[in-house]
Amino acid sequence: MTYNINNKGYYGEFGGAYIPEMLYPNVEELRQNYLKVMAEPEFQEEFHALLKDYVGRPSPLYFAKRLSAKYNTKIYLKREDLNHTGAHKINNTIGQILMAKRLGKNRIIAETGAGQHGVATATVCALMGLECIVYMGEIDIARQAPNVARMKMLGATVVPALSGSRTLKDATNEAIRDWINNPVDTHYIIGSVVGPHPYPDMVARFQAIVSEEIQWQLQEKEGTSKPDYVVACVGGGSNAAGAFYHFLDDTDVKLIAVEAAGKGVHSGESAATSILGKEGIIHGSKTLLMQTPDGQITEPYSISAGLDYPGVGPMHAHLYKSGRAEFVAITDDDAMTAGLELCKMEGIIPAIESSHALAVFEHKKFKPEDIVVVSLSGRGDKDLETYIQHFGL
Ligand SMILES: *Cc1c(COP(=O)(O)O)cnc(C)c1O
């Protein structure tokens, strides 16, 4: 029994590769090679050298003393916010750019919604001197001007998606069209544990460095490699997949996935994908997604752009359906309050995505001896304007 992927590319009933025929050769090339490439010692060496000297890993596992005292439990923060570019996303883009090079690809495409994945992709393309094209909805380009500027400074070309609702879904369609037209020289860097197999597994393996470090860091600090709980926010699910990875099959370690309830789970303005989702196909995999009774994808809403995604990766759909992970939905207001609390009590300004995970302590009681590791997926610099408006600062 495993909660990890099976050899057909499924987590339980979720996953697979539901793609147009024309995309099959690209995805199949990746599927046949990704595990082989990742197993090469030279690949591992280069990956880990960059994680160390470029990203700044290992990220600290920090005992939050004042927060622990307040909630009467032992709270550790896994400081992905301290990574280069300010979040966990760089772990994956470093891995995939090395994969692209091994597969002989010299042109990189990506899609981005809030722009964070676009920036992480543009960063590694600059690092490796590869061409970078980022598709982004026209509406998102207007909403996320600072990230568009960052991508341009890093040398990327940002191409507006002008069709449909002109947001993430449309940018994804453009990226897929590009990949179909450029199958030989182009690699498509997907930014979370979503998309057709092998993407969810490949991204989870690159992000698994997070739980690998948690194990030895906790061993040093607490004399055990196992926390009682691991808590992470879930948009597509990559920071949670990384934080959970090495604990997936160890049920002594309880997993808590935190989704964005927006203005309330049943308000019609939410991104609580697992709780509200029905089985369906999105971005090439079978998973849980928010949809109308006739199968139209529902627009998600969250105050944090990174959690504003209508689906969830297949690993998380399975963790939800099987009950392996507990799913908690946190509203905008509660997340913002928890974020500000971390500022005041620990001197750390978190990304609003991560603030959702921190809000778990107001919603669930832990025992004094429990060790609770929270994935602090990113830093809050990018969210300053939202904090200012929310609190009238
Ligand atoms: C993108 C992002 C997320 C959500 O993405 P996942 O794939 O679910 O991890 C969470 N936190 C931060 C800081 C992000 O930038």
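Scroll up to find the structure.
Residues numbered from 1 in each chain as written. Predicted model: local features only at pLDDT ≥ 70, side-chain atom pairs only at ≥ 80, totals over all residues. Heavy atoms only, no water.

(A) Summary view of the pattern of salt bridges. Under the defined criterion, the tally for this structure stands at 24 salt bridges. Across the pair E174 and R177 runs a salt bridge whose closest N-O atoms are separated by 3.4 Å. Separated by three residues within a single helix, E174 and R177 lie in helix α8 (residues 168-181), roughly one turn from each other. The partner of D250 in a salt bridge is K226, with the nearest N and O atoms 3.2 Å apart. In this pair, D250 sits in the loop between α11 (238-244) and β10 (254-262) while K226 sits in the loop between α10 (209-222) and β9 (229-233), placing the two residues 24 residues apart along the sequence. When its relative accessible area of 34% is taken as the criterion, K226 is described as partly exposed. (Salt bridge = Lys/Arg side-chain N within 4 Å of Asp/Glu carboxyl O. Helix = DSSP H or I, 4+ residues; strand = E, 2+ residues; numbered from the N terminus. Buried < 20%, exposed > 50% of the residue type's maximum accessible area, 1.4 Å probe, protein only.)

(B) Examining the sheet that holds strand β5 (residues 107-112) more closely. Read from one edge to the other, the open sheet built from four strands follows the order β7-β6-β5-β8, with strand pairing classed as parallel. Of all the strands in the sheet, the pair left with one neighbour each is β7 (157-161) and β8 (186-188). Adjacent strand axes in the sheet meet at a mean angle of 25°, parallel and antiparallel pairs treated alike. Inspection of the sheet shows strand β6 (residues 131-137) paired to β7 by five bridges, in the parallel sense. Each bridged residue has a counterpart across the sheet, and for M136 the counterpart in β7 is P160. (Pairing = 2+ DSSP bridges. Axes fitted to C-alpha atoms, helices over the stretch in contact; angles between N-to-C directions.)

Just geometry here; none of it tells us what the structure is for.
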